[in-house]
Amino acid sequence: HFNHSQTTPYISKKLESFKNLHDTLDTAFADLFYWIRMMLQHYLPEEYEVLLSVAEMLPGNSVSVVHPFLSLVININVVTHEHRDSKDKDYCAVIPIGNFIGGALVMKEPGLVVELD
């Protein structure tokens with residue numbers, strides 16, 4: 001038996017607690033998120049449609065700040081072990097932002113290593 005309600009997109013209840021932060025991020029990164037959306041739509045139209053089909057399932061006609069992606073995770077000064085985000089719908093965007101000293105963004109499957117010096 002599979003509980004489909006656990007995989008249906010929903011708006012986090014924590015959004016109310018962090019609404020100001022959400023709105024600030026939306027404003028600060030609006031141009032970046034728009035550019036990503038346009039690049040996906042232009043260069044990866046089939047992949048864009050897959051993401052869009054899931055994003056359109058959000059309840060209450062909600063639109064994600066990072067549309068057509070459903071979520072935004074911000075990691076600050078983090079090191080993670082190799083992992084796969086099992087709840088992603090096929091595609092994930094990773095955007096390192098900042099002034100880095102050492103470290104790298106490593107994506108094992110495509111064999112990509114981006115030094116962040």
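Refer to the structure printed above.
All values reported here derive from a predicted model rather than from experimental measurement.

Draft legend 1. Fine view of the overall build of the protein chain. In terms of helices and strands, the protein chain carries 3 helices and 2 strands. Sequence-ordered secondary structure for the protein chain, helices as α and strands as β, is α-α-α-β-β. A burial count over the protein chain gives 16% of its 117 residues as buried. Nonlocal contacts in the protein chain, meaning residues at least 24 apart in sequence, comprise 43% of its contacts between residues at least 6 apart.

Draft legend 2. Seen up close, the packing of helix α2 (residues 30-43) against helix α3 (residues 45-55). Relative to each other, α2 and α3 sit at 125°, their axes nearing to 5 Å. When the axis of α2 is compared with that of α3, the two are oblique. When α2 is examined against α3, the residues R37, L40, Q41, H42 and Y43 are found in contact with a partner set consisting of P45, Y48 and L51. Tallied by class, residues from the contact of α2 with α3 come to 5 nonpolar, 2 polar and 1 charged.

About the criteria used
- Residues numbered from 1 in each chain as written.
- Predicted model: local features only at pLDDT ≥ 70, side-chain atom pairs only at ≥ 80, totals over all residues.
- Heavy atoms only, no water.
- Helix = DSSP H or I, 4+ residues; strand = E, 2+ residues; numbered from the N terminus.
- Buried < 20%, exposed > 50% of the residue type's maximum accessible area, 1.4 Å probe, protein only.
- Contact = heavy atoms within 4.5 Å.
- Axes fitted to C-alpha atoms, helices over the stretch in contact; angles between N-to-C directions.
- Parallel < 35°, antiparallel > 145°, perpendicular 65-115°, else oblique.
- Nonpolar A, V, L, I, M, F, W, Y, C, P; charged D, E, K, R; others polar.

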